[in-house]
Amino acid sequence: MHDGPKSPPGPRSGNELDMQKSQPTKIDSTPVLIPLLLAAKSCVKEIAAAGERHEFSVDEWLILDALSSSDGLTMSQLQQRCVGAASSITRAVDRMVERALVFREVGQADRRQVFVHISTLGDSLYTKISRELGRVEELLNQELQDADIDPATLKAVLEKFN
């Protein structure tokens, strides 16, 4: 005698569903996201501390860093390099222009483009702060070398996320 197709099991109680939802998903590889975020927060803390001493923000530090190795960048290029919202980058550049750390220049080929350049004063501040933050860079490089991790390889991997 055939009873027909089996019906799906009845609804589960709320407690059974809650227990299923609360079980974490097993990750097979070594998790690196949390240690990476914690390390990034430590680095931001160091930059922010230097920023308090010299009256600049982390965004402003990233802008100085991007401009220090270029011959001027557009606002959209700065936004890409600094991974920030356009409004945040614009406000930071405005503050930096007021402090004479950077200056704007209208593009020669396309007058609609505006380039941002680091000033002599901005370059001097960038150099001074780079020396202060060099200690953090040295500690990080030493830890990487002690763990047989090539700093250049790590840098290349991290740059892929920008």
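Check the entry above for the structure.
Just so we're clear, the structure is a prediction, and the values are computed from it rather than from any experiment. (Residues numbered from 1 in each chain as written. Predicted model: local features only at pLDDT ≥ 70, side-chain atom pairs only at ≥ 80, totals over all residues. Heavy atoms only, no water.)

A look at the packing of aromatic side chains
Here a ring pair, both rings aromatic, is described through the centre-centre distance and the interplanar angle of the planes.
Logical step 1: Scanning the entire structure with this criterion turns up two aromatic pairs.
Logical step 2: Each ring, one from Phe 56 and one from Trp 61, has its centre 6.2 Å from the other, and the planes form 40°; the classification is tilted.
Logical step 3: By relative accessible area, Phe 56 is classed as buried at 8%.
Logical step 4: Since its relative accessible area comes to 9%, Trp 61 is described here as buried.
Logical step 5: Centroid distance Trp 61 to Tyr 126: 4.9 Å. Interplanar angle 20°. Geometry classified as stacked. Placement of Trp 61 in helix α3 (residues 58–68) and of Tyr 126 in helix α6 (residues 120–146) is noted, with a sequence separation of 65 residues between them. The pair Trp 61 / Tyr 126 is uniform in exposure class, with both members buried.
Logical step 6: A connected cluster of aromatic rings, assembled from ring pairs, spans Phe 56, Trp 61 and Tyr 126. (Phe/Tyr/Trp six-rings, centres within 6.5 Å; stacked < 30°, edge-to-face > 60°. Buried < 20%, exposed > 50% of the residue type's maximum accessible area, 1.4 Å probe, protein only. Helix = DSSP H or I, 4+ residues; strand = E, 2+ residues; numbered from the N terminus.)

Notes on a nonpolar patch on the surface
Logical step 1: The grouping of Leu 33, Ile 34, Leu 37 and Leu 38 at the surface amounts to a nonpolar patch, some 410 Å² of accessible area in total.
Logical step 2: Structurally, the position occupied by Ile 34 is in helix α2 (residues 33–54).
Logical step 3: For Ile 34, a relative accessible area of 54% puts it in the exposed group. (Patch = residues over 30% accessible without salt bridge, like charges linked within 9 Å, V, L, I, M, F, W, Y side chains within 5 Å. Areas by Shrake-Rupley, 256 points an atom, 1.4 Å probe, with all protein chains shown as cover. Salt bridge = Lys/Arg side-chain N within 4 Å of Asp/Glu carboxyl O.)

Concerning the nonpolar core
Logical step 1: Ile 63, Leu 67 and Leu 78 are the most contacted members of the largest nonpolar core, which has 23 residues in total.
Logical step 2: Elements supplying a minimum of two residues to this core: α2, α3, α4 (75–82), α5 (86–98), β3 (114–118) and α6.
Logical step 3: Per-element accounting of this core gives the leading share, five residues, to α3. (Core = buried A, V, L, I, M, F, W, Y, C linked by side-chain atoms within 4.5 Å.)

Remarks on the environment of Ile 89
Logical step 1: Note that Ile 89 resides in helix α5.
Logical step 2: Looking at Ile 89, the relative accessible area reads 0%, which means it is buried.
Logical step 3: Taking the C-alpha atoms as reference, Ile 89 lies 8.1 Å from Glu 60; in sequence the two are 29 residues apart.
Logical step 4: The residues touching Ile 89, leaving out its near neighbours within four places in the chain, are Ile 63, Met 75, Leu 78, Gln 79, Cys 82 and Gly 84. (Contact = heavy atoms within 4.5 Å.)

Description of the packing of α3 against α4
Logical step 1: At a minimum axis separation of 10 Å, α3 and α4 run at an interaxial angle of 115°. Between α3 and α4, the angle falls in the class roughly perpendicular. In the crossing of α3 with α4, the sense of the turn from one axis to the other is right-handed. Of the residues in α4, those in contact with Leu 62, Ile 63, Ala 66 and Leu 67 of α3 are Leu 78, Arg 81 and Cys 82.
Logical step 2: Considered class by class, the residues forming the contact of α3 with α4 number six nonpolar, no polar and one charged. (Axes fitted to C-alpha atoms, helices over the stretch in contact; angles between N-to-C directions. Parallel < 35°, antiparallel > 145°, perpendicular 65-115°, else oblique. Left-handed = near helix turned anticlockwise from the far one by under 90°. Nonpolar A, V, L, I, M, F, W, Y, C, P; charged D, E, K, R; others polar.)

Concerning the pattern of salt bridges
Logical step 1: Under the definition given, this model contains six salt bridges.
Logical step 2: Put simply, Arg 104 and Asp 94 hold a salt bridge, and the shortest N to O gap is 2.4 Å. Pair noted here: Arg 104 is in strand β2 (residues 102–106) and Asp 94 is in helix α5, with a separation of 10 residues, a long-range link.
Logical step 3: By relative accessible area, which is 36% here, Arg 104 ends up partly exposed.
Logical step 4: Residue class for Asp 94 comes out partly exposed when judged on its relative accessible area of 30%.

Thoughts on the environment of Ser 70
Logical step 1: You can see Ser 70 is positioned in the loop between α3 and β1 (73–74).
Logical step 2: In this structure the C-alpha to C-alpha distance between Ser 70 and Ile 118, which are 48 residues apart in sequence, comes to 8.8 Å.
Logical step 3: At a separation of 3.4 Å, a polar atom in the side chain of Ser 70 contacts the main-chain amide nitrogen of Gly 72. (Polar contact = N/O pair within 3.5 Å; in protein donor to acceptor, adjacent residues only side chain to side chain.)

The values reported here are purely geometric and, on their own, carry no functional implication.
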